[in-house]
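# Structure assessment
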Amino acid sequence: ESEDLELLQYVVARPLYSEDSFNEEHKKVYRHHKTALDHVKQYFRCDAKRAKNAALSLLPIIGWMKIYRIKEWLLSDIVSGVSTGLVAVLQGLAYCLLASLPPWYGLFAAFFPIIPYFFLGTSRHISVGPFPVLCLMIGSVVTRLIPDEGPAANITGFSGLTVDEQRVLVASSVTFLVGIMQLAMGILQVGFVVMYLSDTLVSGFTTAAAIHILVSQLKFVLGLQVPGISGPLSLIYTLEIIFKKITSSNVCDIVISLVIMVTVFLVKELNDRYKSKLPVPIPIEVIMTVITCGVSYAFDFRTRYGIDVVGKIPLGYEPPVAPNLQVFQHTAMEAFPMAIVGFAVAFSVAKVYSIKHDYTIDGNQELIAFGVSNIFGASFKAFAASTTLSRSAVQESTGGKTQIAGLLSAVIVMIVTLAIGYLLEPLPKSVLGAVVIINLKGMLMQFNEIPYLWRRDRPDCVVWMVTCGAAILLGLDLGLAVSLGVELICVVLRVQFPRCSVLANIEGTEIYKDRKDYISINEPEGVKIFRIPSPIFFANMDFFRNKLVEALGFNPLRVLKKRNKALSRIRKLLKKGDLQWTSKGFLNTTNGSLVDPLEDSDNEELDKPIDFKDLPIRIDWNAELPANMVVPRVDIHSLVLDFAAVSFLDISGLKGLKTLLKELVRVEVEVYIVACDPYILEKLHKCCFFDEEVQPSMFFLTLHDAMLHILEKHPETTERKTYYKNFYGSILNS
């Protein structure tokens, strides 16, 4: 294919176009631009079609239920639902420990949020329920308001409640607030906020969360009593306590945890290796949990070895409760990052499966779905829901086609909650801790991204490391805020300090590339082509100007002032008779030498256009000047600014650009701007950018059009470069 491309050639014969000449020859279509009022009217307009679309948008279940293939999909959804339900039960119990709540409340979080999402969610494959990072963030809030050691926060609703009941109230109230925030963002159509969380940031953040989760589960794996600590450096303080108490570790817990982790790890590796041959992945966590639960009950691990077990699990559900408004006041700052993180992770996972199975998801509708799910779940004492890649992978890989699989997984959780939950009472908490730790493998493996990012994109690597470090040391909520700030700073710096370049023509083509990158290039004398690869706005206008001055080799304002100063001195000398004009040029009529007039101070404005009207001749500034005057030499007659990558221009950039163009025009440098965006050009006209010096005629359609115009206007440019005659001459003559 590459050989065929080398043989292909194209020849285009067309007029040379400036922006003005192109618009004269090719008339534009008039388009009515809607005003803000038009958009408001359209948003609130209602008709039958709009009502139908709104119903389909708010209830995506209508869309996929109409195409549901019962014979082909139902059995797959049943198998997937049962498999996912078993995993959801185990993960609900395990992740609940991260939230510092009694384990059985994890079953509530694996059941209630699924029901609203079944009707409102746009993803057909994610498994809604507990997410370890969210659980950890909730646990941080819970332990801050109700610490293991010391008094609880002064909140009226806590009176008469046990510590566990207080913690459940805090978790459900903050979940309710998270749901309100997500619902509000969905209604206000601000689902785009997730775009500010780059893949690099999410990777660094979830890796840091995995470290927090790992440390938080060590107390269960080692069988230690460690108080929950929240706030900056909480991970360091927790590790300090663990190392102080490590000699008191429970050997039975350690052995059980190691056996569970090794077995689960090996079987998961086999699942990955032979997933194409296995009809469904081996549910090793469930199998090991059942075995360990039975062994613990048979040998009475709790009494004999003193291990901590799940304990009594009440059958059935508890009545709904209202959130505590005082908890809202104490947790609003933590709730917002929870709302963003929960949605961002769920949306990322949903996007993966939507691309794989060729259907669309709606970010704003997902916000509404998760908002309602969290509000509904919080009313029944569940905590914040999102999704996990591992549980969603089970639902999808076992054949799940729609959220019917998710609903069936909720039925499995409900059966455990209502009927057989008591069978899990002898389950050691170290088993749950081991399951949590072994499921962190995917997040911890993200450390492998550091060398890749360092080689490919160092600013992204810095974002990853700062995000991970800040989230580890400062906590997940403050860490997320710091990482967002660093990410935005990186974006601003990339735009504020772009890689400007000087272009040259690739010999024998109409292509222009960075002159430093190629050997066979053509550069007409007196012409400079400067490329700006970013928007021009208040933050980078000075940088753009400095880079252009560096490329030109002179400062146009300094040259202009020097020339005006020289003209002023020449006028004074002519008036005094110390200088006369002859056919051979200026003649010094005094016997002594003239002092360099440029040393004199002059208060008159020197940045005005150069005026030769009362002089006998127009001065050639590159020739020798009278009276030993020295003015910086300007060897450039034409400057081309490539605006192809300039996406917008603010008022500060517009003013700075106009000032720069005027300075260049006043020192007799012709300026051409090429490939300018039509909307920027329209804005320039609206802002009265053009005047006698800066004219619309300096704008050309393409870089090559401007170069041909320059070479036609300055034929002497090509006389010293015969290859330019050969290449450009034929085009100009035609």
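Reading the values: rules and limits
Residues numbered from 1 in each chain as written. Predicted model: local features only at pLDDT ≥ 70, side-chain atom pairs only at ≥ 80, totals over all residues. Heavy atoms only, no water. Helix = DSSP H or I, 4+ residues; strand = E, 2+ residues; numbered from the N terminus. Rg over C-alpha atoms; globule rule 2.2 N^0.38 Å. Buried < 20%, exposed > 50% of the residue type's maximum accessible area, 1.4 Å probe, protein only. Contact = heavy atoms within 4.5 Å. Areas by Shrake-Rupley, 256 points an atom, 1.4 Å probe, with all protein chains shown as cover. Lys, Arg positive; Asp, Glu negative; His and termini not counted. Charge placed at Lys NZ, Arg CZ, Asp CG, Glu CD. Pairing = 2+ DSSP bridges. Core = buried A, V, L, I, M, F, W, Y, C linked by side-chain atoms within 4.5 Å. Salt bridge = Lys/Arg side-chain N within 4 Å of Asp/Glu carboxyl O. Phe/Tyr/Trp six-rings, centres within 6.5 Å; stacked < 30°, edge-to-face > 60°. Lys NZ or Arg CZ within 6 Å of the ring centre and 35° of its normal. Domains from an automatic or database assignment. Disulfide = S-S within 2.5 Å. Polar contact = N/O pair within 3.5 Å; in protein donor to acceptor, adjacent residues only side chain to side chain. Axes fitted to C-alpha atoms, helices over the stretch in contact; angles between N-to-C directions. Parallel < 35°, antiparallel > 145°, perpendicular 65-115°, else oblique. Left-handed = near helix turned anticlockwise from the far one by under 90°. Nonpolar A, V, L, I, M, F, W, Y, C, P; charged D, E, K, R; others polar. Patch = residues over 30% accessible without salt bridge, like charges linked within 9 Å, V, L, I, M, F, W, Y side chains within 5 Å. pLDDT = per-residue confidence, 0-100.

## Some points on the overall build of the protein
Looking only at helices and strands, the protein has 31 helices and 11 strands in total. For the protein, whose C-alpha radius of gyration is 36 Å, the value lies well above the compact-globule estimate of 27 Å for 734 residues. Expressed as lengths along the three principal axes of its C-alpha atoms, the size of the protein is roughly 120 × 60 × 55 Å. Within the protein, the fraction of its 734 residues that count as buried is 49%. Taking all contacts inside the protein whose residues are at least 6 apart in sequence as the whole, residues at least 24 apart take part in 80%. Working note: accessible area of the protein is about 36,900 Å², and carbon and sulfur atoms make up 60% of it. Both charge centroids of the protein, one from 70 positive and one from 71 negative side chains, sit 3 Å from each other.

## So, the pairing of strand E3 (residues 501–506)
When you tally the buried positions in E3, you get six out of six residues, the bulk of the element. With three bridges joining them, E3 and strand E6 (residues 527–531) adopt antiparallel strand pairing. The residue bridging Val502 from the neighbouring strand is Phe530, located in E6. Strand direction decides the pairing type here: E3 and strand E4 (residues 512–514), joined by three bridges, are antiparallel.

## A word on the nonpolar core
Core analysis: the largest hydrophobic core is formed by 126 residues, its most contacted members being Val133 and Ile138. Counting residues per element, this core draws most heavily on helix H16 (residues 325–357), at 15 residues. What Val133 contacts, discounting residues up to four positions off in sequence, is Phe205, Ala209, Ile213, Val341, Met443 and Leu476. Counting residues in hydrophobic clusters, the runner-up holds 53 residues, among them Ala627, Leu660, Leu681 and Phe699.

## Looking at the environment of Ile67
If you trace the backbone, Ile67 turns up in the loop between helix H5 (61–65) and helix H6 (70–98). Note: C-alpha distance between Ile67 and Asp705 (638 residues apart in sequence) is 55 Å. What Ile67 contacts, discounting residues up to four positions off in sequence, is Trp73 and Arg124.

## Quick notes on the pattern of salt bridges
In a structure, side chains of opposite charge can pair up when their charged atoms sit close to one another. The full count for this structure, using the stated rule, is 23 salt bridges. Where Arg494 meets Asp457, a salt bridge forms, and the shortest distance between an N and an O atom there is 2.9 Å. Here Arg494 is found in helix H24 (residues 476–496), whereas its partner Asp457 is found in the loop between helix H22 (449–456) and helix H23 (458–474), with 37 residues between them in sequence. Given a relative accessible area of 40%, Arg494 falls into the partly exposed group. Here Lys713 and Glu670 are joined by a salt bridge, their closest N and O atoms 3.4 Å apart.

## Remarks on the packing of aromatic side chains
Here the structure, examined in full by the defined rule, presents 27 aromatic pairs. Centroid distance Phe112 to Phe376: 6.0 Å. Interplanar angle 70°. Geometry classified as edge-to-face. Taken together, the residues span a long stretch of sequence, with Phe112 in the loop between helix H7 (105–109) and helix H8 (114–120) and Phe376 in helix H17 (residues 363–379) at a distance of 264 residues. The class for Phe112 is buried, based on a relative accessible area of 5%. Its relative accessible area of 30% is what places Phe376 among the partly exposed residues. Both rings, one in Tyr117 and one in Phe370, keep their centres 5.2 Å apart while their planes meet at 50°; by these two values the pair is tilted. Here Phe370 lies in helix H17 and Tyr117 lies in helix H8, a separation of 253 residues in the sequence. In this pair, the class of Tyr117 matches that of Phe370, namely buried. Over the ring of Tyr359 we find Arg124; its NZ or CZ atom is 4.6 Å from the centre of that ring.

## Things to note about the domain arrangement of the protein
The domain architecture assigned to the protein consists of domain 1 (70–493) and domain 2 (501–587 + 599–721). A separation of 62 Å is found between the C-alpha centroids of domain 1 and domain 2.

## A closer look at the state of the cysteines
Summed over the entire model, instances satisfying the criterion amount to zero disulfides. The structure places no disulfide on Cys96, whose sulfur is separated from the nearest cysteine sulfur, that of Cys135, by 7.3 Å. Its sulfur unpaired, Cys687 is 7.5 Å from the next cysteine sulfur, which belongs to Cys688. A relative accessible area of 32% means that Cys687 is categorised as partly exposed.

## Observations regarding the side chain of Glu663
Tracing the backbone through its elements, the reader meets Glu663 in helix H27 (residues 651–666). For Glu663, a relative accessible area of 7% puts it in the buried group. A distance of 2.6 Å separates a polar atom in the side chain of Glu663 from a polar atom in the side chain of Arg545. Glu663 has contacts with Arg545, Pro556 and Leu557, leaving out every residue within four places of it along the chain.

## Focus: the packing of helix H9 (residues 132–145) against helix H10 (residues 163–187)
Orientation of H9 relative to H10, taken along the N-to-C sense of each, is 130°, at an axis distance of 9 Å. Comparing the axis directions of H9 and H10 gives the class oblique. The chirality of how H9 crosses H10 is right-handed. Across the interface between the two elements, Ile138, Val141, Val142, Thr143 and Leu145 of H9 pack against Arg167, Val170, Ala171, Val174 and Thr175 of H10. In terms of residue class, the contact of H9 with H10 is built from seven nonpolar, two polar and one charged.

## Re a nonpolar patch on the surface
A cluster of nonpolar side chains, contributed by Leu233, Ile236, Tyr237, Leu473, Leu474, Leu478 and Val482, occupies part of the molecular surface with about 540 Å² of accessible area. Here Leu233 shows up in the loop between helix H11 (199–222) and helix H12 (234–245).

## Let's talk about helix H29 (residues 703–713)
Side chains of residues three or four places apart in an α-helix project in the same direction, reflecting 3.6 residues per turn. Within H29, eight of the 11 residues are buried, which leaves it mostly tucked inside the rest of the structure. Along H29, the residues that are buried comprise Leu703, His704, Asp705, Ala706, Met707, Leu708, Ile710 and Leu711.

## Structural notes on the confidence of the model for the protein
The pLDDT averaged across the protein works out to 87; a share of 93% of its residues lies at or above 70. Per-residue pLDDT stays below 50 along residues 596–601; that stretch engages in 12 contacts with residues further than four places along the chain or on separate chains.

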